[in-house]
Amino acid sequence: MRAAFYEGQETIRIGPCVPVPPGAGEVQIHVSHCGICGTDLHLFHGKMDHRVTFPQVIGHEMSGTIAAVGEGVGGWATGERVTVRPLNPCGACPACRAGHSHVCQKLKFIGIDAPGAMQRSWTVPAHTLHRLPDTLSFEQGALVEPLAVACHDVRLGEVRAGDFAVVLGGGPIGALVASVANYEGARVVVSEVNPFRIRLARELGLEVVDPRETDMVALVERETGGAGADVVFEVSGSPAAAELMTKIARVRGRIVVVGIFPEPPKVDLFRFFWRELRMTGARVYEPRDFEKAIAIAASGRIALTRLITDTAPLEGLESALRRMESGGQVMKVLIRCSE
Ligand SMILES: [Zn+2]
Ligand SMILES: [Zn+2]
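Now for a quick tour of the structure.

Conventions adopted
- Residues numbered from 1 in each chain as written.
- Chains lettered and ligands numbered in written order.
- Predicted model: local features only at pLDDT ≥ 70, side-chain atom pairs only at ≥ 80, totals over all residues.
- Heavy atoms only, no water.
- Helix = DSSP H or I, 4+ residues; strand = E, 2+ residues; numbered from the N terminus.
- Rg over C-alpha atoms; globule rule 2.2 N^0.38 Å.
- Buried < 20%, exposed > 50% of the residue type's maximum accessible area, 1.4 Å probe, protein only.
- Contact = heavy atoms within 4.5 Å.
- Areas by Shrake-Rupley, 256 points an atom, 1.4 Å probe, with all protein chains shown as cover.
- Donors = N, O, S within 2.8 Å, 3.2 Å for Na, K, Ca; no water.
- Tetrahedral: all angles 85-135°; square planar, octahedral: opposite > 155°, others 65-115°.
- 1 Å grid on protein atoms, 1.4 Å probe; cavity = no way out; pocket = protein on both sides within 12 Å on 5 of 7 lines; lining within 4 Å.
- Points joined across faces, edges and corners; volume = space filled by probe spheres on them.
- Nonpolar A, V, L, I, M, F, W, Y, C, P; charged D, E, K, R; others polar.
- Lys, Arg positive; Asp, Glu negative; His and termini not counted.
- Salt bridge = Lys/Arg side-chain N within 4 Å of Asp/Glu carboxyl O.
- Pairing = 2+ DSSP bridges.
- Axes fitted to C-alpha atoms, helices over the stretch in contact; angles between N-to-C directions.
- Patch = residues over 30% accessible without salt bridge, like charges linked within 9 Å, V, L, I, M, F, W, Y side chains within 5 Å.

### As for the overall build of the protein chain
No. 1: Within the protein chain, the regular secondary structure consists of 11 helices and 18 strands.
No. 2: On C-alpha atoms alone, the protein chain measures out to a radius of gyration of 20 Å, which is about the 20 Å that the 2.2 N^0.38 rule sets for 339 residues.
No. 3: Considering the protein chain as a whole, with its 339 residues, one finds that 53% of them fall into the buried category.
No. 4: Sequence separation of 24 or more characterises 70% of the internal contacts of the protein chain that already satisfy a separation of 6 or more.
No. 5: Of the roughly 14400 Å² that the protein chain leaves accessible, carbon and sulfur atoms contribute 53%.

### Some details on the coordination of the zinc ion (ligand 2)
No. 1: The zinc ion (ligand 2) binds to the protein through Cys90 (SG), Cys93 (SG), Cys96 (SG) and Cys104 (SG); the donor distances cover 2.3 to 2.4 Å.
No. 2: Around the zinc ion (ligand 2), the 4 donor atoms are arranged such that angles at the metal cover 103 to 118 degrees; this shape is classified as tetrahedral.
No. 3: Look at where the donors of the zinc ion (ligand 2) fall in the sequence and you get C-x2-C-x2-C-x7-C. Taken together, the positions of Cys93 in the loop between strand E7 (87-88) and helix H2 (94-97) and Cys104 in the loop between H2 and strand E8 (108-109) put the pair 11 residues apart, joining distant regions of the chain.
No. 4: Among the residues examined, Cys104 registers a relative accessible area of 3% and is labelled buried.

### With respect to the layout of surface pockets
No. 1: Estimated volume of the second largest pocket: approximately 290 Å³.
No. 2: Lining the second largest pocket are 18 residues, with Val20, Pro115, Gln119, Trp122 and Thr123 positioned closest to its centre.
No. 3: Per-element tally for the lining of the second largest pocket: the top contributor is strand E9 (residues 121-125), with 5 residues.
No. 4: For the lining of the second largest pocket, the residue count by class is 11 nonpolar, 5 polar and 2 charged.

### Regarding the side chain of Arg81
No. 1: Within the fold, Arg81 resides in strand E6 (residues 81-84).
No. 2: Lacking a salt bridge, the buried Arg81 has Asp134 as its closest oppositely charged neighbour, with an N-O distance of 4.0 Å.
No. 3: Among all residues touching Arg81, those that are not within four sequence positions of it are Gly64, Thr65, His130, Arg131, Leu132, Pro133, Asp134, Leu136, Ser137 and Phe138.

### A look at the sheet that holds strand E1 (residues 2-8)
No. 1: The 3 strands are arranged E2-E1-E4 in an open sheet whose pairing can be described as antiparallel. Of all strands in the sheet, those bounded by a partner on one side alone are strand E2 (11-16) and strand E4 (56-57).
No. 2: Bridge count for E1 against E4 is 2 bridges, and the pairing is antiparallel. Its bridge partner lying in E4, Tyr6 is registered against Gln56.

### Regarding the sheet that holds strand E16 (residues 278-281)
Strands pair in a sheet through their backbones, by hydrogen bonds, and they do so in one of two ways: parallel or antiparallel.
No. 1: The strand order E13-E12-E11-E14-E15-E16 describes an open sheet built from 6 strands, whose pairing is parallel. The strands lining the two open edges of the sheet, one partner per strand, are strand E13 (207-209) and E16. If you compare each strand with its neighbour and ignore which way they point, the axes differ by 20 degrees on average.
No. 2: As judged from the 3 bridges shared by strand E12 (residues 187-191) and E13, these two strands associate in the parallel manner. Across the sheet, Ser191 pairs through a bridge with Val209, a residue of E13.
No. 3: Together, strand E11 (164-168), E12 and strand E14 (229-234) form the strand contacts of helix H5 (residues 172-183), whose direction differs from that of E12 by roughly 170 degrees.

### Observations regarding a nonpolar patch on the surface
No. 1: A cluster of nonpolar side chains, Phe270, Phe273 and Trp274, forms an exposed patch at the surface whose accessible area comes to about 420 Å².
No. 2: Note on placement: Phe273 falls in helix H9 (residues 269-275).
No. 3: Given the relative accessible area of 59%, Phe273 is considered exposed.

Treat this as a map of the structure, not an account of what it does.
Here you go:
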């Protein structure tokens, strides 16, 4: 049994996994697959070292099978196929008490603040579990977490059938946000510059334009009869997109900020006043977003596995992170943790 440990300074070590017997309220899982996320790349780059206890097993987009159940855990049995919502809220802070425990003020994200899923044997609180139907493969199961992010974003964007939506950024999350908005009946245009991602998003059936070739403001005006987009998802985290998002939203349109901006970008607040725009942040997911993601995945209406550009053993993690940082021909890489 092995695990991938992040040791700091852009170093991953593959070593023996130390199985932790499940305590009260916990379950032990045999991890099958674990996806690599932009967050993992961030972590690899040392941007979250202040949150990490070294060496730390990373990973949080997984699928697996329950191997053991701790004391007091009801409703779960050995052998069940599951995925994990990797959030451990405190339950006591003002946000938790107000019912927003997914953005708990002391939120522990499992895979950053606590050991993650890139290990064969992983012990987590039972409250994080979601059941995977037998019709979903473990590969699809490992994509439920990013799909749940997209479900949360689309829900907060209040997307309805017939809406015109623009998604700025066509990476894994952007492609999933667009797919879920499509699933809800919206017409969606994705803006992306990376040719590989453009091609892949098109293979998913998405309408994609390169903003360097297409004037986005003119396109949205033309396609909406001069109104503007009902909802704009900013998923790229780029300053150019932060400037663009207010230009393409309709009167009383919604802007959902999903992308992570390390520096405060320039945002045209005049447009918020002039068009009575509404902006909302969207972070992680709530349990119902996971259930929705599982239902959408099981519906087969999104060609989820097309997002997977590579599957590798644990040894392939570091080189996959390198490929991701070079921004090349990579979308979602899954790590096989069962070997
Ligand atoms: Zn992730
Ligand atoms: Zn809390």
